[in-house]
Amino acid sequence: MDQVVALKLMSVDLQSPRNNKEHRTQEISLQRLIVRRGQAFTMQLQFNRPFHSGTDHLTFVAETGPAPTEHLGTRATFLLTDTRQGNVWSASDFTINANSLFVSLFTPANAVIGPYSLKIQISQDQGHSTTHSLGTFILLFNPWSAEDDVYLPSEILLQEYIMMDYGFVYKGHERFVTPWPWNYGQFEEDIIDICFEILNKSLYFLENPAKDCSRRNDVVYVCRVVTAMINSNDDSGVLQGNWGEDYSQGVSPLEWNGSVAILRQWAARGGQPVKYGQCWVFAAVMCTVMRCLGVPTRVVSNFRSAHNADANLTVDTYYDQNAEMLPPQKRDKIWNFHVWNECWMIRKDLPPEYNGWQVLDPTPQQTSSGLFRCGPASVKAVREGEVHLPFDTAFVYAEVNADEVVWLLEDGRAREILAHKTSSIGKEISTKMVGSDQRQNITSSYKYPEGSPKERSVFMKASQKMLGPRGTLSPFLDLLGSGGFENQPAQLQLHLTRTPQWGQDLLLKLHARRVTDRAHPQGPIQLVVRFCAQTLLHNGGTREPLWRQTSHLTLDFGEVIEWPLLLPYNNYRNKLTDEKMIRVSGIAKVEGTGRSMLVLKDISLEPPDLSIEVSEKAEVGKALKVHISLTNTLSVPLTHCTMVLEGSGLINGQISKDLGTLVAGRTIQIQMDLYPIKAGPRQLQVLISSKEIKEIKGYKDILVAAARAS
């Protein structure tokens, strides 16, 4: 019998366009093979002669990481077989067509994610073998696979939490929540490489690269690594935080439009942290990375978010008798808002009822196992007060549930409790609604209704676990028992009489009504109300007063007084931070009793309106006319105006333009042509910054049609 010619590999077709479409990675690339674990992909091998399954033997070798081994799960060796054998690496279901072999490769749903090299060993019965490279591929988590720990059984949710490359971060204040458009851009082609570069710069990888790579099959582990790497407190992380007001060494957190520019800058500079980030920037960049890696992720904003550093479930705030808010006496603070992520996963380390959304917070607030990171903490565990469960559940619980105690200080000593608020923290917890530009309030997934018996019983359970049976919620808790602050002779409220706009006087009124109380069962009362206005900082602190006023009121039963207050523009001009927030506080002394009452009003000043219009239907490669207009409604000019446009699939990178000075009352109109790059739903983000106002933002949703065949 003639000896059979040795089988030689002539060419390989990894069929990237077809495989990437089936694995829903075509948005990243059609040229590079990018697949999801737990799902088969096909390739075509071209030989010098037909493949004989009886005498030709093919062994596939897939490797990832710096020192791959079978033991660590970073190397897999598997033979070509007729049928697939369960949830293991396999090459099967092959067909032979002349000299071509079509073969299906399957990766297990618990495989290590990352860039792989793929080789093939060819041997005949005689035993001589040759090895050939088949190329490389990238393996991602697969939320479409029921075997994967990130499985999410809803196509509508997957389109939002994996495939949507733009969205909103919610900022501002609980009473005026502002949507902040953001370009996640997770499918820009270089972003996937940057994501793995982030993993490779982590302290775990630097300490033991082989072990770190072997643990990348575990979504909990990967999430914790990424959470630490988005900030740069411990490592060569992506972003450096800055909560001051000097951003001259970098970019103000308010001036970022999206994640792509940040990630590209970090990679281009060899892992030098990008300046600067605050909570919404950290969370939005983490959303980009996790969606790119294949983990369903959303960005969540918590309004009036507690940072309870001493873990006693109480945050104390302080005012003096002139109604000035004073700096905290401990590290505790109440952020106006704080932004984190939720990632969807099975928690094999917890009972099954704690699967689902998990809080991950890359903003460096507290350390967790020695590094600045937070989570994953099960949202369901937070709701049930199971604060002992990993990771960092007690910290997240306090962020949304701590009590606030407001103190009146005299000569630096606590003299009187003005309020004990059990429901002022953890308000309007928000995320983008699925398939819509609307906001979804998800507070009920974090806690039971405020004040309900269930909410209070969960609070007591959590406090006992955190503080022990004799732990106290506050160093002054004995004063809380008196309850005197709850029984006041008047009700006071501050209202705005018109929409507050930056650059205009602010008009308020004090609404005062006499009510019955034990100390004053009859007759009028005399009130001395001292008002104070201060710049409100993002971290919940304030600056020195910018306006004061004192009013004397006489209130009798059945009487309602509306007392007008005027806060002139000149008082706050050049005094506010970029957030443009003011806290007006009033302390009313009841004459003859020494008792005090507190009234508060937080004001968010609205920036001028930005209008974006597109003139016709958008199509890939065809000019799309965009019309942008901005009217300066202020009484002062806007100077040093710049405009930045961004939008994945619409613009490659960013478009920047200097606009000069915009005179008070005037409108600027800009027309430009864009040439969309990708079909599908897209979002154009526009940011106009000036010396006076850093954040005039607008967006336009644009549906781009595929290019018509010519």
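Basis of the calculations
Residues numbered from 1 in each chain as written. Predicted model: local features only at pLDDT ≥ 70, side-chain atom pairs only at ≥ 80, totals over all residues. Heavy atoms only, no water. Phe/Tyr/Trp six-rings, centres within 6.5 Å; stacked < 30°, edge-to-face > 60°. Helix = DSSP H or I, 4+ residues; strand = E, 2+ residues; numbered from the N terminus. Buried < 20%, exposed > 50% of the residue type's maximum accessible area, 1.4 Å probe, protein only. Core = buried A, V, L, I, M, F, W, Y, C linked by side-chain atoms within 4.5 Å. 1 Å grid on protein atoms, 1.4 Å probe; cavity = no way out; pocket = protein on both sides within 12 Å on 5 of 7 lines; lining within 4 Å. Points joined across faces, edges and corners; volume = space filled by probe spheres on them. Nonpolar A, V, L, I, M, F, W, Y, C, P; charged D, E, K, R; others polar.

A. Structural context of the packing of aromatic side chains. Scanning the entire structure with this criterion turns up 20 aromatic pairs. Where Phe168 meets Tyr699, the ring centres are 4.8 Å apart and the plane angle is 70 degrees; that geometry is what we call edge-to-face. In this pair, Phe168 is assigned in strand β10 (residues 166-173) and Tyr699 in strand β40 (residues 696-705), connecting sequence segments 531 residues apart. Look at Phe168 and you get buried, because its relative accessible area is 1%. Taking the centre distance of 6.0 Å and the plane angle of 50 degrees together, the rings of Trp340 and Tyr446 count as tilted. Of this pair, Trp340 sits in strand β17 (residues 333-345) while Tyr446 sits in helix α11 (residues 443-446); the two residues are 106 residues apart in sequence, bridging distant segments of the chain. By relative accessible area, which is 0% here, Trp340 ends up buried. Through successive ring pairs, a cluster of aromatic residues spans Phe41, Phe60, Phe78, Trp89, Tyr116 and Phe137.

B. Here's a closer look at the nonpolar core. Core analysis: the largest hydrophobic core is formed by 88 residues, its most contacted members being Trp182, Trp280, Met290 and Tyr446. The element best represented in this core is helix α8 (residues 279-293), accounting for 13 residues. Core analysis: the next-biggest nonpolar cluster, separate from the first, contains 59 residues, Trp547, Leu555, Tyr572 and Ile582 among them.

C. View of empty space enclosed by the protein. Tallied over the entire structure, the rule returns two cavities of 30 Å³ or more. Put simply, the largest cavity is a space of about 60 Å³. Around the largest cavity, the lining residues are Glu160, Tyr161, Tyr166, Gly167, Phe168, Tyr184, Arg291, Arg298, Val299, Thr431 and Lys432. Ranked by the residues each element gives to the lining of the largest cavity, the list is headed by β10, at three residues. Of the residues belonging to the lining of the largest cavity, the class tally is five nonpolar, two polar and four charged.

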